[in-house]
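# A structural walkthrough
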Amino acid sequence: MDLWHIIALAVIQGLTEFLPISSSAHLILPSQVLGWPDQGLAFDVAVHLGTLAAVMWYFRREVYRLSLAWAADTARGRIGEDSGLAWAVIVGTIPAGLAGLLLNDFIETELRSGLVIAASTVGFGLVLWWSDAVGRRTRELPALTIKDAMVIGLAQALALIPGTSRSGITITAALFLGLKREAAARFSFLLSIPLILAAGLLKTLELVEQGGATDWAAIFLGTLLSFVSAVICIHLFLKFLERLGMMPFVIYRLLLGLLLVVMLW
């Protein structure tokens, strides 16, 4: 890939992985709409590693605290506030993990098209607007139950459809359940950690099986840029979320979907 392609795709991954606008859509579009060469599996692994490192670094204190609480409380046979949230992350990960294992081949061959992306971008964008409009937004993160986590996890499984947005659909479900915007976003980010890790491991295994030469300069640059852009994105999103709401992202999704329809018709 050209240097410009490396920079653009890495920053796109870093910004869109955690915004409710679909990273998969934005990484598929350059090759289908702009005619860019496919970035390849090794680069996909690199930018996912960058975003994983970003969310784990940003929430390092929470991850450390929840992990210790989960281990201690599980050994004692009880559930506290922090270990309960850790269990919610685990439970919320299961539906998407199972769906990915069962449906990955079908999705890769049947759903990675521009029209599917356009439809899901618009459709789930409207659902995001609806959840923000009708959600009570009164519950904080400690109020999240295992049942809530399962509902959000089932919604997350829909993110396997390109254009849906993993963060978008999980935030949507959390808002419908009455969580505040920031609480919904924080749980969505915590929920991303095991899923990005699992996806990265699967892609790494595929990469090892394929073999072949690797452009290590592109890998390093892609990882670094996706990490930096993802950290900035998470910070600004959480800082301004309550003030901005979801409408800017809904409008963006509607405009993007319309543009895709026009370009691909």
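Refer to the preceding data block for the structure.
Read on for a plain summary of the structure.

Within the element layout of this structure, Ile 94 appears in helix H5 (residues 81–110). It is 31 Å that separates the C-alpha atoms of Ile 94 and Pro 30, two residues lying 64 residues apart in sequence.

Glancing now at the environment of Leu 128. Relative to the helices and strands, Leu 128 is located in helix H6 (residues 114–134). On a C-alpha basis, the gap between Leu 128 and Met 247 in space is 8.7 Å, while along the polypeptide they are 119 residues apart. Non-local contacts of Leu 128, meaning those with residues more than four positions away in its chain, are made with Pro 20, Gly 168, Ile 171, Thr 172, Met 246 and Val 250.

Let's shift gears to a nonpolar patch on the surface. Where nonpolar side chains cluster on the molecular surface, the patch consists of Trp 70, Ile 90, Ile 94, Leu 98, Leu 101, Leu 102, Leu 103, Leu 202 and Leu 205 and spans about 890 Å² of accessible area. Elements with a minimum of two residues in the nonpolar patch: H5 and helix H9 (181–210). It is H5 that contributes the most residues to the nonpolar patch, 6 residues altogether.

Right, let's talk about the nonpolar core for a bit. Core analysis: the largest hydrophobic core is formed by 45 residues, its most contacted members being Phe 187, Phe 189 and Phe 237. Listing elements by their share of this core, those giving two or more residues are helix H3 (41–58), H5, helix H7 (146–157), helix H8 (166–176), H9, helix H10 (216–244) and helix H11 (247–264). By residue number, the principal contributor to this core is H9, which donates 9 residues. Grouped together as the second largest cluster of nonpolar side chains are 8 residues, Ile 6, Leu 9, Phe 43 and Ala 218 included.

Definitions and limits used
Residues numbered from 1 in each chain as written. Predicted model: local features only at pLDDT ≥ 70, side-chain atom pairs only at ≥ 80, totals over all residues. Heavy atoms only, no water. Helix = DSSP H or I, 4+ residues; strand = E, 2+ residues; numbered from the N terminus. Contact = heavy atoms within 4.5 Å. Patch = residues over 30% accessible without salt bridge, like charges linked within 9 Å, V, L, I, M, F, W, Y side chains within 5 Å. Areas by Shrake-Rupley, 256 points an atom, 1.4 Å probe, with all protein chains shown as cover. Salt bridge = Lys/Arg side-chain N within 4 Å of Asp/Glu carboxyl O. Core = buried A, V, L, I, M, F, W, Y, C linked by side-chain atoms within 4.5 Å. Buried < 20%, exposed > 50% of the residue type's maximum accessible area, 1.4 Å probe, protein only.

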